[in-house]
Amino acid sequence: MIQAAVLGYGTVGSGVVEVLYKNKDLIAQRSGEEIEVKYILDLREFPGDPFENKVVHDVNVILDDPEISIVCETMGGIKPAYQFTKDAILKGKSVCTSNKELVAAHGPELLRLAKEHNCNYMFEASVGGGIPIIRPLNTCLAPESIEKIMGILNGTTNYILTKMAKEGASFDEVLKEAQEKGYAERNPEADVEGHDACRKIAILSSLMTGKNVRSEQIYTEGITKISTQDFAYAKHLQKSIKLLAMSERTDNGAVAMVAPFMIGEEHPLNGVNDVFNAVYVTGNMVGDLMFYGQGAGKLATASAVVADVIDCAKHQGKNVPCRWEEEDVTLCDMKESKRRFFVRASMDDRGAAINSFGRIDEIRIYDEEFAFITEPMAEKEFDTRLNGIRNVLSVIRVED
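Just so you know, the residues in each chain are numbered from 1, in the order the chain's sequence is written. Two thresholds apply to this predicted model, a pLDDT of at least 70 for residue-level local features and 80 or more for giving and counting side-chain atom pairs, whereas whole-chain, interface and lining totals are computed over all residues. No hydrogens and no water enter the side-chain calculation; it runs on all heavy atoms of the structure.

A.B. asks: Explanation requested: the pairing of strand β16 (residues 392–399) in the structure shown.
C.D. replies: Across a regular strand the side chains alternate sides, sitting on one face of the sheet and then on the other. Think of it this way: DSSP has to see at least two bridges between two strands before they count as a pair. Helix and strand labels come from DSSP, where a helix needs a run of H or I of at least four residues and a strand needs a run of E of at least two; each type is numbered from the N terminus. In this structure, strand β10 (residues 253–264) lies alongside β16, joined through 3 bridges in parallel fashion. From the neighbouring strand, Phe-261 faces β16, where its bridge partner is Arg-397. Alignment of strand β13 (residues 338–346) against β16, held across 6 bridges, turns out to be antiparallel. Bridging from a neighbouring strand, Val-343 pairs with Val-395 of β16.

Spelled out as structure tokens, the structure:
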């Protein structure tokens, strides 16, 4: 029997325990051994909980127990999760986590330590919740040179944008509803400003390049400026607006970004709605693949953690390679990237827009303003041309 511990008995942690017990027999068949949760670490007491007798408050109880070989870290954040994870790995205990913030910040270091101590650091649940993407990149797509990764990686923002598109409601109205339903945090900044998606694309970019991509290097723009008027134009153009996280190889290296995009009806990510996530991967041999499913949620995320637990159980005392070196990658300047742009401006600036962009195909929905989509051009060229327009109401990138 394999003894495991869970750090953090919140939404995901309690889900991990639930999955391990509800699917106990199935998990034993697939891992080759029965897996038992011996400890649950949390500061709180859980009177009446069926697993209250497993709750401990001192992490050293877990770290010093030689029977514990697998630790599930579902605490979130950097402190104290980083130190607890590192200490577990240094004692030869494999760690499975859903903590994208920690993985993005310290992933390559923890992977190196796990290799040195013949155990594993696995993080399938850190990107895309229940969607399998980390393991496919490491194994199924191992022969591939991954050329591009693009995805909808945050369920909260996708829910908000979907509701705005379908109901014509404002950002503030939908955000309030999302918070009431539990889809958005009381402080939603990490989601709506794009930071959560940024950490996830940093992890995927690191696996794509094999070297470390720091999230702070990635250009990140959230959805707080998207308006009901923008959605009216998108509907007129038969497009949707999505918060996309993307990373792409170029001749000079790699470029990554997070920003709202208008995408057409035929784009594979167009139909990804509500709290669902999707990751669109392009390999140099296999071509285009898409991974779609529940990007968050208690049991979906917990299932991904337990998948890593099974993998660790099957590789006791053996490190499973993961190509993510500690050397930092310097990302290319995203301002060199070429794309089209959707622009809304005041009607008073029509002449200035023509002077800046040349002939434009106007889109008219409201009397007091106009909009157009540019020809493909570099971001820095677009910025220069846009300076000629005084009253810009909105700019959204376009993904063809």
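A.B. asks: I tried to follow the pairing of strand β1 (residues 2–7) on my own but got confused; where do I start?
C.D. replies: Exposure categories follow from relative accessible area, calculated using a 1.4 Å probe and restricted to protein chains: below 20% of the type maximum is buried, above 50% is exposed, and the middle band is partly exposed. With 6 of 6 residues buried, β1 is to be regarded as a mostly interior element. Residues Ile-2, Ala-4 and Val-6 of β1 are buried on one face, and the alternating residues Gln-3, Ala-5 and Leu-7, pointing to the opposite face, are buried as well. Sheet topology places β1 next to strand β2 (residues 35–41); 6 bridges connect them, and they run parallel. Paired with Leu-7 across the two strands is Leu-41, which belongs to β2. Relative to strand β4 (residues 68–73), β1 runs parallel, the two sharing 5 bridges. Paired with Val-6 across the strands is Cys-72, a residue of β4.

A.B. asks: Looking at this structure, how should I read the packing of aromatic side chains?
C.D. replies: Where two aromatic rings form a pair, the distance of their centres and the angle of their planes describe that pair. Only rings of Phe, Tyr and Trp enter the pairing, Trp through its six-membered ring, and a pair is recorded when the two centres are within 6.5 Å. The plane angle decides the type: under 30 degrees is stacked, over 60 is edge-to-face, the rest tilted. Evaluation of the coordinates by the stated rule reveals 11 aromatic pairs. When the centroid spacing of 4.9 Å and the interplanar angle of 90° are considered together, the rings of Tyr-9 and Phe-46 count as edge-to-face. Of this pair, Tyr-9 sits in the loop between β1 and α1 (11–22) while Phe-46 sits in the loop between β2 and β3 (55–56), placing them 37 residues apart in sequence. Across the pair, Phe-46 and Tyr-9 agree in class, each one buried.

A.B. asks: Any chance you could explain helix α5 (residues 100–116) here in plain terms?
C.D. replies: In an α-helix, one full turn covers 3.6 residues, which means residues spaced three or four apart are oriented alike. Between the first and last C-alpha of α5 there are 22 Å, a value that for 17 residues agrees with the 24 Å anticipated at 1.5 Å per step. Throughout, bend refers to the angle between the axes fitted to the seven residues that end at a position and the seven residues that start at it. Along its length, α5 shows its largest kink, about 80°, at His-106, and proline Pro-108 lies within four residues downstream of that point. Among all positions of α5, only Leu-102, Val-103, Ala-104, Gly-107, Pro-108, Glu-109, Leu-110, Leu-111, Leu-113 and Ala-114 are buried. A contact between two residues is defined here by any heavy atoms of the two lying within 4.5 Å. Tucked into the core, α5 has its buried residues touching β4, α4 (81–90), β5 (94–97), β6 (121–122) and α10 (195–209). Directly beyond the C-terminal end of α5, a positive phi value near 55° is found at Asn-118. Each residue after the first adds 1.5 Å to the expected span of a helix.

A.B. asks: What is the right way to look at the pattern of salt bridges in this model?
C.D. replies: Where charged atoms of side chains with opposite charge meet at close range, the side chains can pair. Put simply, a salt bridge is a Lys or Arg side-chain nitrogen that is within 4 Å of an Asp or Glu carboxyl oxygen. Counted under the stated rule, the structure contains 36 salt bridges. For Asp-65, the salt bridge identified is with Lys-38, shortest N-O distance 2.7 Å. Remark: Lys-38 occurs in strand β2 and Asp-65 occurs in the loop between α3 (59–63) and β4; sequence separation between them is 27 residues. Judged by its relative accessible area of 25%, Lys-38 is partly exposed. The shortest N-O distance in the salt bridge between Lys-100 and Asp-196 comes to 3.2 Å. On the criterion of sequence distance, the pair formed by Lys-100 in helix α5 and Asp-196 in helix α10 is long-range, its members being 96 residues apart. Judged by relative accessible area, Lys-100 falls into the partly exposed class, the value being 27%. One network of salt bridges, with partners in common, ties together Lys-24, Glu-34, Glu-36 and Lys-54.

A.B. asks: Just checking my understanding: could you explain unusual backbone geometry for this structure?
C.D. replies: In most cases, non-glycine residues show a negative phi, while peptide bonds are predominantly trans. Residue Pro-80 follows Lys-79 across a cis peptide bond; omega there is 0°. The backbone phi angle of Gln-238 is positive, close to 60°, even though this residue is not glycine. Counting through the fold element by element, Gln-238 comes out in the loop between α11 (228–236) and β9 (239–250). You can call Gln-238 exposed: its relative accessible area is 51%.

A.B. asks: How should the sheet that holds β4 be read in this particular structure?
C.D. replies: Strand pairing in a sheet relies on backbone hydrogen bonds, with the paired strands running either antiparallel or parallel. Pairing is parallel in the open sheet, where 6 strands are placed in the order β3-β2-β1-β4-β5-β6. Bordering the open sheet on either side are β3 and β6, each of which pairs with just one other strand. Where β4 lies against β5, 4 bridges are found, and the strand directions are parallel. If you follow Val-71 over to β5, its bridge partner there is Val-95. Axis definition: a line fitted to C-alpha atoms, over the contacting stretch in the case of helices. Angles run 0 to 180 degrees between N-to-C directions. Across the sheet, α1 touches β1, β2 and β4, and the angle it forms with β2 is around 160°.

A.B. asks: I'm lost on the environment of Val-213 in this one. Help?
C.D. replies: By the secondary structure assignment, Val-213 is in the loop between α10 and β8 (219–220). Once the C-alpha coordinates of Val-213 and Ile-203 are considered, the two residues, 10 residues apart in sequence, prove to be 7.2 Å apart. Excluding anything up to four places from it in sequence, Val-213 contacts Ala-202, Ser-205, Ser-206, Ile-218, Val-329 and Leu-331.

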